[in-house]
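Here is how the chains run, residue by residue.
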Amino acid sequence: MTSDITIQVNDDIQLTPPTLADAEAIFHALHTNRESLRAWLPFVDYTKTVEDSKAFLENVPDSGEILFKINYRNHFAGLIGLKAPDTANHKVEIGYWITAEMEGKGIVTQSCRALITYAFEVLDMNRALIQVAAGNRKSRNIPERLGFTQEGIERDGELLVSGFTDIVRYGLLKREYNANN
């Protein structure tokens, strides 16, 4: 499932559907941030060429994911998406990554907030989920800032380059989001 919608987060941040033409920018961002991103994202080591990024983008429609590129002041900053929305149960998982130079500007937090609003108000989801490696403090700060509740820890939930890591699971219900935003 791809989206043809653009989400204007604020004057600086825009979420737009990626196209095959974005494969080079995506690969360049992964390649130049390889060391910092590979610590938390297993797919980075498997992305070795622009063709790998193209293949990823070609598979997005079949994956069910609703993917957006994050544009910050008209520059590619990262990707964010809704992983295979479960329409039967009205729930969705949010995933994201951003380049090191764009960290610390609130880009992902603001992008997540806009995507949560889209999921709850447009897609009629009732529950949003964010799962983060336990040691990834910067990424864990995002759901915590947005009022998510830590619901549990999946022990050895993901294999990273450094070995297995626990995954912290955060959830947010529509009624909680409306109360807090």
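Refer to the structure above for everything that follows.
(A) View of the side chain of Lys69. Relative to the helices and strands, Lys69 resides in strand β3 (residues 66-72). Here the side chain of Lys69 touches Asp22 through a polar contact of 2.7 Å, side chain to side chain. Apart from the residues within four sequence positions on either side, Lys69 is in contact with Gln14, Leu15, Thr16, Pro18, Asp22, Phe76, Gly78 and Leu79.

(B) Expanded view of helix α3 (residues 50-63). Between its first and last C-alpha, α3 extends 20 Å over 14 residues, near the 20 Å set by a 1.5 Å rise per residue. Looking only at α3, the buried set comprises Ser53, Leu57 and Val60. Where α3 is buried, its residues contact α1 (23-32) and β3. Two residues or fewer after α3 comes Gly64, characterised by a positive phi angle close to 85°.

(C) Representation of the packing of α1 against α3. Closest axis-to-axis distance for the α1/α3 pair is 8 Å, and the angle between their directions is 120°. As summarised for this structure, α1 and α3 are arranged oblique, according to the angle between their axes. Taken as a pair, α1 and α3 cross one another with a handedness that is right-handed. Where α1 approaches α3, its residues Ala23, Glu24, Ile26, Phe27 and Leu30 are matched on the opposing element by Val50, Ser53, Lys54 and Leu57. Here the contact of α1 with α3 is built from residues that sort into 6 nonpolar, 1 polar and 2 charged.

(D) Main features of the sheet that holds strand β2 (residues 13-16). Spatially, β1-β2-β3-β4-β5-β6-β8-β7 is the arrangement adopted by the 8 strands of the open sheet, whose pairing is mixed. Two strands bound the open sheet, and with one partner strand each, they are β1 (7-8) and β7 (149-160). Where strand β5 (residues 91-98) meets strand β6 (residues 127-133), 3 bridges bridge the pair, whose relative direction is parallel. Bridge pairing in β6 links Glu93 to Leu129.

(E) Inspection of the packing of aromatic side chains at higher detail. Counted by the stated rule, this structure contains 3 aromatic pairs. With 6.3 Å between their ring centres and 85° between their planes, Phe68 and Tyr118 make a pair best called edge-to-face. Here Phe68 is found in strand β3, whereas its partner Tyr118 is found in helix α4 (residues 107-122), with 50 residues between them in sequence. Take Phe68: its relative accessible area is 0%, and that puts it in the buried class. With 6.0 Å between their ring centres and 65° between their planes, Phe76 and Trp97 make a pair best called edge-to-face. Of this pair, Phe76 sits in strand β4 (residues 75-86) while Trp97 sits in strand β5; the two residues are 21 residues apart in sequence, bridging distant segments of the chain.

Rules and cut-offs
- Residues numbered from 1 in each chain as written.
- Predicted model: local features only at pLDDT ≥ 70, side-chain atom pairs only at ≥ 80, totals over all residues.
- Heavy atoms only, no water.
- Helix = DSSP H or I, 4+ residues; strand = E, 2+ residues; numbered from the N terminus.
- Polar contact = N/O pair within 3.5 Å; in protein donor to acceptor, adjacent residues only side chain to side chain.
- Contact = heavy atoms within 4.5 Å.
- Expected span 1.5 Å × (residues − 1).
- Buried < 20%, exposed > 50% of the residue type's maximum accessible area, 1.4 Å probe, protein only.
- Axes fitted to C-alpha atoms, helices over the stretch in contact; angles between N-to-C directions.
- Parallel < 35°, antiparallel > 145°, perpendicular 65-115°, else oblique.
- Left-handed = near helix turned anticlockwise from the far one by under 90°.
- Nonpolar A, V, L, I, M, F, W, Y, C, P; charged D, E, K, R; others polar.
- Pairing = 2+ DSSP bridges.
- Phe/Tyr/Trp six-rings, centres within 6.5 Å; stacked < 30°, edge-to-face > 60°.

Everything listed here is a matter of coordinates, which is why it stays silent on function.
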